[in-house]
Amino acid sequence: MRLLHTSDWHLGRAFHRVNLLEAQAEFIGHLVATVREREVDAVVVSGDVYDRAVPPLAAVELFDDALHRLADLGVPTVMISGNHDSARRLGVGAGLIGRAGIHLRTEPSACGTPVILADAHGDVAFYGLPYLEPALVKDEFGVDRAGHEAVLAAAMDRVRADLATRARGTRSVVLAHAFVTGGKASDSERDITVGGVAAVPAEVFDGVDYVALGHLHGCQTITERVRYSGSPLPYSFSEADHRKSMWLVDLDAGGFAGAERIDCPVPRPLARLRGTLEELLADPDLARHRDAWVEATLTDPVRPADPMARLTERFPHVLSLVFDPERAPDDPDVSYARRLAGRDDRQIAEDFVTHVRGVEPDEHERAVLREAFDAVRADEAVREVAR
């Protein structure tokens, strides 16, 4: 059986001020063509179909077009909801859509109920683990502590329990939307940290033949059988070095047999340029970035006049302008943003306590801060689900 693994479409998302809907439509066309030309037997989409819980109408129409085109090919598709999706909205009509071979898995309670597809070697069981927000699903899975590892481990226990009842030789594929240890994040993923911990170990997924991951936007291999496809398009300049692609995965009678990267069409390359304004305008080596989407970081000690207008003359598609004057680390004028670089919200709060009080928070106070941030994020998740 040949699978095409993709995720994180984020339909409806823009790149800075650029509408990406046309590029997303081009990706859908590329996906359909790949399914047809490479004789794909099943498509798996590992969450974040949309960019937000209530997507714009144009994004919904593009999703509808994708479903019709995949159904017309007669190739089954298994799809889960991600942390950007509204699971309830995405799952509306799942039973009816399933009759067309599009299998939407958005209910945590159905983690142990697979979609069964067959090839010459027998059955392949596809288990869909939608994004599991710990605060919302801990009761469903009977875990005492609301953490990503606990709820994913409980979900995988259900997967393995069901798999044990299947015929000998049944192969298994798990779709999951999570941050797995060893994965490399970018700036465009929404934070899913709970209790100061976002990542779960890959060992949670032991016992299955292939794990099709979503959430991280870079295509990457955690283990041979545990992989992220990454997003098909770049959604932040931190993805400038990404090679956007999908995984073409083969299963044989023994399970996982190999994976091949299939490149995705990208509307423009990304370029992150750094230097003084005059350096960026004069350096002949930078001419190759004329057609790229550009993020320019200016290091001038004093902010120059009309920098965006001047940069646009050389780089017509410059989208982001950052000022980062080069100064000594102990310079009192080092920017506040620069001092905060690399710190998450909880760490910033702890630093603030230290600054105001002159002493770092103790373990109890750190725990209170973690719980407060977790509660706010969980409340936001609940409100999104209810929309």
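Anything mentioned here points back to the structure above.
One numbering rule holds for all chains: residues counted from 1, following each sequence as written. With pLDDT at 70 or above as the cut-off, local features in this predicted model cover only qualifying residues; side-chain atom pairs require 80 or more to be listed or tallied, and sums for whole chains, interfaces and linings still use all residues. Only hydrogens and water are set aside; all other atoms, that is, all heavy atoms of the structure, feed into the side-chain values.

Note on backbone geometry: most residues besides glycine have negative phi, and most peptide bonds are trans. Despite not being glycine, H10 shows a phi value in the positive range, around 55 degrees. Put simply, DSSP H or I for four residues or longer makes a helix, DSSP E for two residues or longer makes a strand, and each gets a number counted from the N terminus. Inspection of the secondary structure puts H10 in the loop between β1 (2-6) and β2 (14-15). Of note, H16 is a non-glycine position whose phi angle comes to about 55 degrees, a positive value. Secondary-structure assignment places H16 in the loop between β2 and β3 (18-19).

To qualify as a nonpolar core, a set must consist of buried Ala, Val, Leu, Ile, Met, Phe, Trp, Tyr and Cys residues joined through side-chain atoms within 4.5 Å. Any residue under 20% of the maximum accessible area for its type is buried, any over 50% is exposed, and the rest in between are partly exposed; the area is computed with a 1.4 Å probe on protein chains only. Membership of the largest hydrophobic core comes to 34 residues, with the highest contact counts inside it found for L129, F141, V174, F205 and L213. Of all the elements in the fold, those that place two or more residues in this core are β8 (122-129), α5 (134-141), α6 (148-163), β9 (171-177), β10 (179-180), β12 (210-214) and β14 (226-228). The biggest single contributor to this core is α6, with seven residues. Any pair of residues with heavy atoms lying within 4.5 Å of one another is described as a contacting pair. Setting aside its immediate chain neighbours within four residues, F205 contacts L152, M156, R160, V174, A176, V180, V211 and L213. Ranked by size, the runner-up nonpolar core spans 28 residues in total, among them W9, L11, L62 and L70.

Another point: the packing of α5 against α6. Two elements in contact, α5 and α6, have axes whose closest approach is 10 Å; the angle formed by their N-to-C orientations is 40 degrees. When the axes of α5 and α6 are compared, the pair comes out oblique. For α5 against α6, the interelement crossing comes out left-handed. Packed against α5, whose contacting residues are P134, V137, K138, E140 and F141, the element α6 presents H148, V151, A154, A155 and R158 at the interface. Note on residue classes: Ala, Val, Leu, Ile, Met, Phe, Trp, Tyr, Cys and Pro are nonpolar, Asp, Glu, Lys and Arg are charged, and everything else, Gly too, is polar. Residue classes in the contact of α5 with α6 are distributed as six nonpolar, one polar and three charged. As a rule, the C-alpha atoms of each element are fitted with a line to give its axis, helices using only the stretch in contact, and angles between N-to-C directions run from 0 to 180 degrees. For classification, angles of less than 35 degrees are called roughly parallel, those exceeding 145 degrees roughly antiparallel, those between 65 and 115 degrees roughly perpendicular, and all remaining angles oblique. Crossing handedness: left-handed means the near helix sits turned counterclockwise from the far one by under a right angle, and right-handed means the same turn made clockwise.

On to the pattern of salt bridges, then. Salt bridge, as used here, is a side-chain nitrogen of Lys or Arg placed within 4 Å of a carboxyl oxygen of Asp or Glu. Within the structure shown, the criterion is met by 16 salt bridges. Of the charged contacts in the structure, one is a salt bridge between D65 and R69, with a shortest N-O distance of 3.5 Å. Residue D65 and its partner R69 are both found in helix α2 (residues 57-73); the two are separated by four residues, about one turn of the helix. Using a relative accessible area of 32% as the deciding quantity, one classes D65 as partly exposed. Residue R69 is classed as partly exposed on the basis of its relative accessible area, which comes to 31%. With a closest N to O distance of 2.5 Å, R310 and E278 form a salt bridge. Remark: E278 occurs in helix α7 (residues 277-282) and R310 occurs in helix α8 (residues 307-314); sequence separation between them is 32 residues. In this structure R310 comes out as partly exposed when scored by relative accessible area, which is 30%. Overall, E278 belongs to the partly exposed group, its relative accessible area being 47%.

Our next topic: the side chain of S186. Within the secondary structure layout, S186 lies in the loop between β10 and β11 (199-200). Classification of S186 by relative accessible area gives buried; the value is 12%. Apart from residues lying up to four places away in sequence, S186 is in contact with H217, S236, S238, E239 and H242.

With that out of the way, let us pick up the sheet that holds strand β13 (residues 220-223). Whether two strands pair depends on DSSP finding at least two bridges between them. Ordered in space as β7-β8-β9-β12-β14-β13, the six strands form an open sheet in which the pairing is mixed. Two strands bound the open sheet, and with one partner strand each, they are β7 (115-119) and β13. Across the sheet, the axes of successive neighbouring strands diverge by a mean angle of 20 degrees, strand direction being ignored. Where β13 and β14 come together, three bridges link them in antiparallel fashion. In the strand pairing of β14, Q220 is matched with Y228. Packing of α6 onto the sheet brings it into contact with β8 and β9, and relative to β8 it is tilted by some 160 degrees.

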